[in-house]
Amino acid sequence: MRTFVRVAALLGIVAGVGTGLSSCNHSDPLQEPLCGCTPPPKGPVTAAALTATTTWWLNEVYSAGQVTRTDAITDRFSMQFKPDGTYIQTLLADGTEYRGTWMLMGTDNRTLHLTDHKGSSQELTVEGVNAETLGYGRTGKNGQQEYLLFRNTRL
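Residues numbered from 1 in each chain as written. Predicted model: local features only at pLDDT ≥ 70, side-chain atom pairs only at ≥ 80, totals over all residues. Heavy atoms only, no water.

Looking now at the pairing of strand 1 (residues 56–63). By the criterion of burial, strand 1 is predominantly enclosed, with seven of the eight residues buried. Relative to strand 3 (residues 77–81), strand 1 runs antiparallel, the two sharing two bridges. Among the inter-strand pairings, Trp-56 is bridged to a residue of strand 3, identified as Met-79. With six bridges connecting them, strand 1 and strand 9 (residues 145–151) associate as antiparallel partners. Bridge assignment links Leu-58 to a residue of strand 9, and that residue is Phe-150. Note that strand 1 and strand 2 (residues 66–69) share four bridges and pair antiparallel. (Buried < 20%, exposed > 50% of the residue type's maximum accessible area, 1.4 Å probe, protein only. Helix = DSSP H or I, 4+ residues; strand = E, 2+ residues; numbered from the N terminus. Pairing = 2+ DSSP bridges.)

This is the structure we're talking about:
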C-alpha cells in the first residue's frame with residue numbers, strides 16, 4: 001500500500017506541475033507529501049500534451065509493491081505519439097519498432113486507447129502528463145495494477 005501512496009504522490013506531482021497549481025512542497029517526489037496536503041485536482045488530458053514531447057522514455061515501473069528503474073526494466077521501450085493519431089513503440093534492447101494508433105477517450109480524456117499493429121487494443125489510465133513526465137496505469141501480465149512512468153529524456 002505504501003508504494004501505491006508513493007506512486008499516487010508522484011503522479012499527483014506530475015498533474016500539479018502541468019497546471020502549476022500544486023501548493024505542496026516535496027523534497028523527494030517518491031516520498032509522501034511532507035505538508036500533509038492534498039494534490040490539486042487533475043485537469044483533462046490533451047492530445048497536445050502527449051504529442052508535445054517527441055519521445056517518451058520508460059524510466060520506472062511500479063508493480064506488486066516493487067519499483068523497477070531504467071535498464072532493469074524488462075522489455076523497456078519508448079513511445080512517440082504523433083498528432084495524426086498514430087504511435088511508434090520502440091524496444092530499446094534492439095530498436096524494433098511497432099506502429100499503431102491512439103486516441104484519448106472517457107472522462108477528462110484520461111483513457112488512452114491504443115490499437116497495436118496486430119489490431120489488439122488496450123486501454124490505459126493516464127494519471128498525469130506535462131512537458132517532462134507521462135504516467136499511466138494498466139493491468140499487468142500478472143493481473144495486478146502497474147504504473148509506468150515516462151520522461152522526456154532517457155535515464
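Scanning the model with the defined rule gives four salt bridges in all. A salt bridge links Glu-97 to Arg-99, with the nearest nitrogen and oxygen atoms 3.1 Å apart. One salt bridge connects Glu-146 with Arg-138, and the closest N-O pair in it is separated by 2.6 Å. (Salt bridge = Lys/Arg side-chain N within 4 Å of Asp/Glu carboxyl O.)

Before going further, it helps to spend a moment on the nonpolar core. One recurring pattern in soluble globular proteins is that nonpolar side chains are buried together. Phe-81, Leu-112, Leu-134 and Phe-150 are the most contacted members of the largest nonpolar core, which has 22 residues in total. At the level of secondary structure, the elements contributing two or more residues to this core comprise helix 2 (47–51), strand 1, strand 3, strand 5 (97–105), strand 6 (111–115), strand 7 (121–129), strand 8 (133–139) and strand 9. Once residues within four sequence positions are removed from consideration, Leu-134 is found in contact with Leu-50, Trp-56, Phe-81, Val-126, Gly-128, Val-129, Leu-148, Leu-149 and Phe-150. (Core = buried A, V, L, I, M, F, W, Y, C linked by side-chain atoms within 4.5 Å. Contact = heavy atoms within 4.5 Å.)

With that settled, the discussion passes to the packing of aromatic side chains. Across all of its chains, the model carries three aromatic pairs by this definition. Seen from their ring centres, Phe-81 and Trp-102 are 5.5 Å apart, and the 80 degrees between their planes marks the pair as edge-to-face. Here the residue Phe-81 occupies a position in strand 3, and Trp-102 occupies one in strand 5, the gap between them amounting to 21 residues. Between Tyr-136 and Phe-150 the ring centres are 5.3 Å apart and the planes differ by 35 degrees, which places this aromatic pair in the tilted class. Note that Tyr-136 is positioned in strand 8 and Phe-150 in strand 9, a separation of 14 residues in sequence. Residue Tyr-136 is classed as buried on the basis of its relative accessible area of 2%. A residue is classified by how much of its surface remains accessible, and Phe-150, at 0% relative accessible area, is buried. Taken together through their ring pairs, the aromatic side chains of Phe-77, Tyr-136 and Phe-150 make up a single cluster. (Phe/Tyr/Trp six-rings, centres within 6.5 Å; stacked < 30°, edge-to-face > 60°.)

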